[in-house]
Number of protein chains: 2
Amino acid sequence: MPVYHQYSLMKCIILAGGSGTRLWPLSRVQFPKQFLKIGDHSLFQATWLRARKLASADEIYVVTNEAHQYLVNNQLEEVGATLDPAHLLREPCGRNTLPAIAWAMATIRAECGDAIAVVFPSDHHLDEAALQEIEAAVPLAEDHLVTFGVKPDCPHTGYGYIRPGAPLVCGSAVDSFKEKPDKETAEGYCQAGYLWNSGMFLLRTTIFFEELERYQPAMAAAFAAGVPEEYAALQNLSIDYGLLEVSERVAVVPLDCAWSDMGDFKALYDHAAHDPKGNAGKAEYIDATGNYVHAKGKAIGLIGVNNLAVVDTGDALLVCAKDQTDKVRDLVARFKGQQNAITEHHLEEHRPWGSYKVLETGPFYKIKRVTVSPGKWLSLQLHCHRSEHWIVVSGMAEVHLNGDTQFLCQGQSTFVTTGSRHRLGNPGRIPLEVIEVQIGEYLEEDDIVRFEDKYGRA
Amino acid sequence: MPVYHQYSLMKCIILAGGSGTRLWPLSRVQFPKQFLKIGDHSLFQATWLRARKLASADEIYVVTNEAHQYLVNNQLEEVGATLDPAHLLREPCGRNTLPAIAWAMATIRAECGDAIAVVFPSDHHLDEAALQEIEAAVPLAEDHLVTFGVKPDCPHTGYGYIRPGAPLVCGSAVDSFKEKPDKETAEGYCQAGYLWNSGMFLLRTTIFFEELERYQPAMAAAFAAGVPEEYAALQNLSIDYGLLEVSERVAVVPLDCAWSDMGDFKALYDHAAHDPKGNAGKAEYIDATGNYVHAKGKAIGLIGVNNLAVVDTGDALLVCAKDQTDKVRDLVARFKGQQNAITEHHLEEHRPWGSYKVLETGPFYKIKRVTVSPGKWLSLQLHCHRSEHWIVVSGMAEVHLNGDTQFLCQGQSTFVTTGSRHRLGNPGRIPLEVIEVQIGEYLEEDDIVRFEDKYGRA
């Protein structure tokens, strides 16, 4: 294993604000790609662990959507990490990469003055071998905005390309950026030595703000005093369009390593382990080759089919020719029109205190498995239209009910009548699992009156 | 609507003992094809309703596997029908069609002497127009074993064929029976006017037993005094091999109507309604044609795929090229080797008192939705390794617990500790639905001590 030198001024910015639809039904608006578990970790968790090889935890900044802040914290907790709350930058709305990066760079400048930061998208796969090459580019970042270009191993039509220009101390100047090409153009790019635009950057605060001032003065002004009050009023702009394609101080460093934007099921298939027939994913295959299967907790059989992506999530199923994954976007658009929830949420929802999963919904009842993290509490609350039975199946529950306190262990239960003030918490050291049976005429999440909440939601 | 004349001696025999695997995961060993809901009714229910146009309820005999007797009764109850308990012939094991039909014919002979009976498989689709043609064949059945041959509308390779011989009063003598042919042979059969062997027969007790005596004397002897004591000792034999292919008194009556053995997903697809792109089943289709989708309660998208069968059942998923459905059998064989339950049971299980569905299984808990039919009772029982919480979500429960009786309505609950004698019943007029949360170290169905049972299982 290589040992990385901690560059004293190296900060890390993790961009975790995306909300793609190309991996539906795995990804949802409220559970985007970066939080999906691919193997042991989510892409976001893997990105954090990678960043930790270059920086200490308190040198890492995460930009995410307000709605995903608990997901970020819960997933960091899972890998035993803690993020400085001041370094969790919560966008009230997505405004693309330039405002997100500018916000993180402004925060770094305010805290440390002149510094160099590496920017990682949180929804890509990157081989760790790249980290040494990234560190080696620090001298170049002294006076350049540094991009990283991955050496192509195929003429991919789903990536942007960078044409390198004159050689520099390390890497090259950038001759030009190229949009996603068609197949033939991509082949030409590969032969000519163009690189994939990886979306990773190495930026020095001084240079970044000088160039922002020059090319996007309005945005530079907005960030001059720190965080702009009206984030939504900022221009929706990528760093590529807003800065890199116009600045004359842009360099590209080639990376010769495995990298993928994990942008569609084809990419997930390529990344996965294959059996001798080229199938990836646990299933029984009969006369079937080149398929990608993703599902949990069910028996799956594929017969006589080739090059399919078969993705099942309990509430949704996608069967897609692997070379037509670009149409998943159209499918999601269709569903948005008729049953929006299936594009917004998973059956499992994340909350600051843990998560819950809807197990079944009937005409007047709903059954959930509620998981409360150790030491966490739901709000003190009341429902107008439903009663709730709680049965502890794992761990210890502390229940406050109309002013009384009771402790329930595995196999014990309690009943919360409509209109009762109640609160559920986990005073223990292992996750608390409760089966909740709701009964009532109206069972939506918005039937809740919050009196106190540790997470500011009252 | 045609009006059918009730032939005073017309009995109906419904064969409901089959257990095919070609419709997995819809069908399971414990829930075979005939009980699957195709549209409003199961094939078995549709067969019963069809039989009722030819005979009164007390003239119908059902032969089924012992294990499926409650399914038969529950499905009849659903369509408001009652079967004479003496007419439910419960095979302790499957011995193919000849013993099954002989048993029903022997029962009819014992009850009514000489009579004519129509035999319906319960897992086929048949257009009702055929009923008039069947009735019209009664005179022919006076001195023939009558088979029905469907006029082919395609050179099907999955059916046996009948070659008609010399014309009779109606229909013809049978020249010969043909095994399932290959494509080319099937084309020749169709051109030559051969008919599909439908598996339906019109049999007169006298003729049937005369011929049985002649060609299968051992079996005839076994049924001479009624039901043989050792059913398992009977020869495993189809009526085709055992009687029809050897007897010289066999006739065939052509049927010019829609018929299908619903034997694979291709057949279910053909039977279903299609959209303009030839897709059958509720899903979003993008650049997809000729697909069959069967699933419940989930959002489904198909992109860029053609002629697939996509069948989802919560615990299992099949994606199969529609022209390779014969390999489903191989798939089931593979699963049998590794996780037998997925080929045996559905998540929803049927019991004499109703049904239950497993909603979730965890390390030390299991959650079920239990449905008890009006007026029905579970056994008085006890569990050694689990406690049970019951929460009524619909209807009224009567609970006997350690000698006490309580009535629970919607939203009420009770707790059955390990080792308690308990009994659950539905004293009401609508189905009772209870959510049961089991907690314990061992949660299998065989942890049950039964003290009393209305269905003889104690």
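In the annotation of an unreviewed UniProt entry, chain A is listed under the name mannose-1-phosphate guanylyltransferase and assigned to Methanosphaerula palustris. The UniProt entry for chain A carries the following comment under Catalytic activity (unreviewed entry): "alpha-D-mannose 1-phosphate + GTP + H(+) = GDP-alpha-D-mannose + diphosphate". Heading Sequence similarities (unreviewed entry) of the UniProt record for chain A holds this comment: "Belongs to the mannose-6-phosphate isomerase type 2 family."

> What is the right way to read the interface of chain B and chain A from this model?
One widely used convention gives an interface's size as the accessible area the parts lose upon coming together. Chain B puts 54 residues into the contact, and the matching count from chain A is 54 residues. Taken together, the two surfaces of chain B and chain A that pack against each other cover about 4400 Å², and 63% of this comes from carbon and sulfur. There are eight salt bridges connecting chain B and chain A. Close ionic contact of Glu 284 of chain B with Arg 334 of chain A constitutes a salt bridge, the shortest N to O distance being 2.9 Å. Run the count over chain B and chain A and you get 28 residue pairs in polar contact (both at pLDDT 80 or more). Among the residues forming the side of chain B that touches chain A, the class breakdown is 31 nonpolar, 11 polar and 12 charged. As judged from the five bridges shared by strand E16 (residues 299-303) of chain A and strand E18 (residues 316-321) of chain B, these two strands associate in the parallel manner. From the neighbouring strand, Leu 302 of chain A faces E18 of chain B, where its bridge partner is Val 319 of chain B.

> For this particular structure, what's the right way to read the sheet that holds strand E16 (residues 299-303) of chain B?
Each strand in a sheet pairs with its neighbour through backbone hydrogen bonds, running either in the same direction (parallel) or in the opposite one (antiparallel). Sheet architecture is open: five strands sit in the order E15(A)-E17(A)-E18(A)-E16(B)-E14(B), paired in mixed fashion. In this open sheet, the two edge strands, each paired with only one partner strand, are strand E15 (292-294) of chain A together with strand E14 (284-286) of chain B. For this sheet the average axis-to-axis angle between neighbouring strands, irrespective of direction, equals 5°. Sheet analysis places E14 of chain B next to E16 of chain B, joined by three bridges and oriented parallel. Considered in E16 of chain B, the bridge of Tyr 285 of chain B is made with Leu 302 of chain B.

> Would you mind going over the packing of helix H1 (residues 43-51) of chain B against helix H2 (residues 69-78) of chain B with me for this structure?
In helix packing, the relevant descriptors are the interaxial angle and the interaxial distance, both defined with respect to the helix axes. All names here are of chain B. With their axes 10 Å apart at the nearest point, H1 and H2 run at an angle of 60° to one another. Classified by the interaxial angle, the pair formed by H1 and H2 is oblique. Where H1 crosses over H2, the two elements pack in a sense that is right-handed. Contacts between H1 and H2 pair Phe 44, Gln 45 and Trp 48 from the former with Val 72, Gln 75, Leu 76 and Glu 78 from the latter. Within the contact of H1 with H2, the residues separate by chemical class into four nonpolar, two polar and one charged.

Rules and cut-offs
- Residues numbered from 1 in each chain as written.
- Chains lettered and ligands numbered in written order.
- Predicted model: local features only at pLDDT ≥ 70, side-chain atom pairs only at ≥ 80, totals over all residues.
- Heavy atoms only, no water.
- UniProt positions renumbered as here; feature names shortened; annotations may be inferred.
- Contact = heavy atoms within 4.5 Å.
- Buried area = accessible area lost by both parts, 1.4 Å probe.
- Salt bridge = Lys/Arg side-chain N within 4 Å of Asp/Glu carboxyl O.
- Polar contact = N/O pair within 3.5 Å; in protein donor to acceptor, adjacent residues only side chain to side chain.
- Nonpolar A, V, L, I, M, F, W, Y, C, P; charged D, E, K, R; others polar.
- Pairing = 2+ DSSP bridges.
- Helix = DSSP H or I, 4+ residues; strand = E, 2+ residues; numbered from the N terminus.
- Axes fitted to C-alpha atoms, helices over the stretch in contact; angles between N-to-C directions.
- Parallel < 35°, antiparallel > 145°, perpendicular 65-115°, else oblique.
- Left-handed = near helix turned anticlockwise from the far one by under 90°.

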